[in-house]
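Secondary and tertiary structure notes
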Amino acid sequence: MLAESSTNLVPFIAAGGVGVVGVSFLFIRRSRKNSSQTPAPTAPDASKVTETLVTDRGEATDVATPVATEVSPHVEAPNVRERAGRTRSLFVNAFQSIRSRNVDASTWDELEETLLLADIGIGLATRLLDPLRQSVKDGVLRSGDEVIEALRTAMTAQLSSTDRTLHLDAAETPNVWLFVGVNGVGKTTTIGKIATAEAARGTSVLMAAGDTFRAAAAEQLQVWAERSGASFVRGAEGGDPASVIFDGVQSAAAKGVTLVLGDTAGRLQNKSNLMEELKKVRRVADKAPGTVNEVLLVIDATTGQNGLSQAKEFAAATDVTGVVLTKLDGSAKGGIVFAIETDLGIPVKLVGLGESAEDLVVFDPAEFVAALFE
């Protein structure tokens, strides 16, 4: 059984450019197995970080890599109420016209339109509103205020019973977290932020650049490895992504590294060759030493229902365990959270509320729903 989850305050470094070091925090809820029996891993020595370059013959060489070493004091994490303004405004504006008035046909039209504009989806919108309509007919709900409060309760219930922990097993190392998603959603940046946070809290990390089709992705990941003090594995451009992930896990096992973060290719999700490639990555990762205990799908919140389509495709290919929803601060389509969790049963574990490193936070469903209604 997994240990009881807790929310940890994690300091970490984010470099905005060469020679510029910023101060950040990432709050990550995680669970550990047998943590009381296994000593906590020590942070990597920043002066001895290595880049492991995997050649197209599978050979590897180690190259010294300089990294930033300074860790800063407290920086307060952002909250959804402050950052998810566009989705929040959509709901608040609709509720202002409904409150303190009698419930009529226009009430239901406005509520349905609001839910659909937020990309909650027609199916869930119907399931949320139909019971409220019946309660009004039965005389249980009488005013717009009562209807809105009942809607709030129903929406909170949709998100209340989901495990949002990021699982890290201290007894079965290395742990492997794979990241999947289409290009442009913030996948590589998300990996870098998580790597920095985990390294700062004492977890040894190796980052595997499995997106061999974009040289920029590997280069970006290498920069994050240098910042965080993580080991780094990359392959030849255009090489086999599964081989890079496998070599990364083997390297982590040999070095005693606790956590492997594996990037993957992100060409269009409706391309069958990509899905087959991701299936192979997952199969190969499962055969390597250690345990694949997270497959995190990164979705851009601004894509709305297209994000739901992506989730369906990727979940079928890789057994997705959770979603990282980026760019929630710039989207009025935050209702996609409900669609993902209710239609697919996949928990949203982290959300991005801005461009800075500290803006990637654990998703708190109660806070999210409260922000929409207050």
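Residues numbered from 1 in each chain as written. Predicted model: local features only at pLDDT ≥ 70, side-chain atom pairs only at ≥ 80, totals over all residues. Heavy atoms only, no water.

Next up on the list: the overall build of the protein. Within the protein, the regular secondary structure consists of 12 helices and 13 strands. Taken across its 374 residues, the protein has 51% of its residues classed as buried. Residue pairs at least 24 apart in sequence account for 75% of intrachain contacts in the protein once pairs closer than 6 positions are excluded. Total accessible area on the protein is roughly 15600 Å²; 49% of this is exposed by carbon and sulfur atoms. (Helix = DSSP H or I, 4+ residues; strand = E, 2+ residues; numbered from the N terminus. Buried < 20%, exposed > 50% of the residue type's maximum accessible area, 1.4 Å probe, protein only. Contact = heavy atoms within 4.5 Å. Areas by Shrake-Rupley, 256 points an atom, 1.4 Å probe, with all protein chains shown as cover.)

Let us look at the pattern of salt bridges. Taken as a whole, this structure holds 11 salt bridges when the rule is applied. Here R127 makes a salt bridge to D343, at a shortest N to O gap of 3.6 Å. Pair noted here: R127 is in helix 4 (residues 122-137) and D343 is in helix 11 (residues 336-344), with a separation of 216 residues, a long-range link. Overall, D343 belongs to the partly exposed group, its relative accessible area being 41%. (Salt bridge = Lys/Arg side-chain N within 4 Å of Asp/Glu carboxyl O.)

To continue, consider the environment of T189. Take T189: it is sitting in helix 6 (residues 187-200). With a relative accessible area of 25%, T189 lands in the partly exposed category. Distance from T189 to W224, taken between C-alpha atoms, is 8.1 Å for residues 35 residues apart in sequence. Once residues within four sequence positions are removed from consideration, T189 is found in contact with Q220 and W224.

We now examine the confidence of the model for the protein. Chain-level pLDDT for the protein is 77 on average; 75% of the residues reach the 70-or-more range. In this model residues 1-29 is a low-confidence stretch, pLDDT under 50, and it forms 91 contacts with partners more than four residues away in sequence or in other chains. Contacts from residues 55-74, a stretch scored under 50 in pLDDT, to residues over four places away or in other chains number 44 contacts. (pLDDT = per-residue confidence, 0-100.)

A word on unusual backbone geometry. The step from T173 to P174 runs through a cis peptide bond, and the omega angle for that step is -5 degrees. Within the secondary structure, P174 sits in the loop between strand 5 (166-169) and strand 6 (175-180). Even without being glycine, D119 reaches a positive phi, approximately 65 degrees. Residue D119 is classed as buried on the basis of its relative accessible area, which comes to 12%. Backbone geometry at D319 places phi at a positive 55 degrees, although glycine is not the residue there. Tracing the chain through its elements places D319 in the loop between helix 10 (305-318) and strand 11 (322-326).

What follows is about the packing of aromatic side chains. Aromatic ring pairs are reported here in terms of the distance separating the ring centres and the angle at which the planes meet. With the rule as written, the count across this model stands at five aromatic pairs. Their ring planes at 40 degrees and their centres at 6.0 Å tell us that F338 and F368 sit as a pair that is tilted. Residue F338 is located in helix 11, and its partner F368 is located in helix 12 (residues 365-373); the two are separated by 30 residues in the primary sequence. F368 matches F338 in its accessibility class, with the two residues each being buried. Every member of this aromatic cluster is reached through a ring pair, and the members are F91, F95 and F373. (Phe/Tyr/Trp six-rings, centres within 6.5 Å; stacked < 30°, edge-to-face > 60°.)

With respect to the helices and strands, the residue I340 is situated in helix 11. The sequence separation of I340 and G121 amounts to 219 residues, and the corresponding C-alpha distance is 10.0 Å. Those residues in contact with I340, other than ones at most four positions away along the chain, are I299, L308, V323, G345 and I346.

Below, the discussion takes up the packing of helix 5 (residues 144-158) against helix 12. Across the interface, helix 5 lies against helix 12 with an axial gap of 10 Å and an inter-helix angle of 160 degrees. Considering their axes alone, helix 5 and helix 12 lie roughly antiparallel with respect to each other. For the element pair helix 5 and helix 12, the recorded crossing hand is right-handed. The residues of helix 12 that touch helix 5, namely those facing I148, L151, R152, M155 and T156, are V369, A370, L372 and F373. Grouping the amino acids of the contact of helix 5 with helix 12 by side-chain chemistry returns seven nonpolar, one polar and one charged. (Axes fitted to C-alpha atoms, helices over the stretch in contact; angles between N-to-C directions. Parallel < 35°, antiparallel > 145°, perpendicular 65-115°, else oblique. Left-handed = near helix turned anticlockwise from the far one by under 90°. Nonpolar A, V, L, I, M, F, W, Y, C, P; charged D, E, K, R; others polar.)

Further remarks concern the pairing of strand 6. Burial runs high along strand 6: six of the six residues are buried. What you see with strand 6 is no split at all: N175, W177 and F179 on one side and V176, L178 and V180 on the other are buried throughout. Two strands pair when backbone bridges link them, and strand 6 and strand 9 (residues 259-263) are joined in this way by four bridges, in the parallel orientation. When the bridges of strand 9 are listed, V176 appears paired with V260. Direction of pairing for strand 6 relative to strand 10 (residues 291-300): parallel, over a ladder of six bridges. Counted as the bridge partner of F179 is L296 from strand 10. (Pairing = 2+ DSSP bridges.)

What follows is about the environment of N175. Tracing the backbone through its elements, the reader meets N175 in strand 6. With 117 residues separating them in the primary sequence, N175 and V292 have C-alpha atoms 6.1 Å apart. For N175, the residues in contact, after removing those within four places along its chain, are H167, L168, D169, T258, L259, V260, T291 and N293. Among the polar contacts listed, one links the side chain of N175 to the backbone nitrogen of D169, at a separation of 2.7 Å. (Polar contact = N/O pair within 3.5 Å; in protein donor to acceptor, adjacent residues only side chain to side chain.)

Quick look at the pairing of strand 9 now. Taken across its five residues, strand 9 has five buried, putting it largely inside the fold. Neither face of strand 9 is left uncovered, since the one carrying L259, L261 and D263 and the one carrying V260 and G262 both have all their residues buried. Across five bridges, the pairing between strand 7 (residues 205-209) and strand 9 is parallel. Note that in strand 9 the partner of A209 across the bridge is D263.

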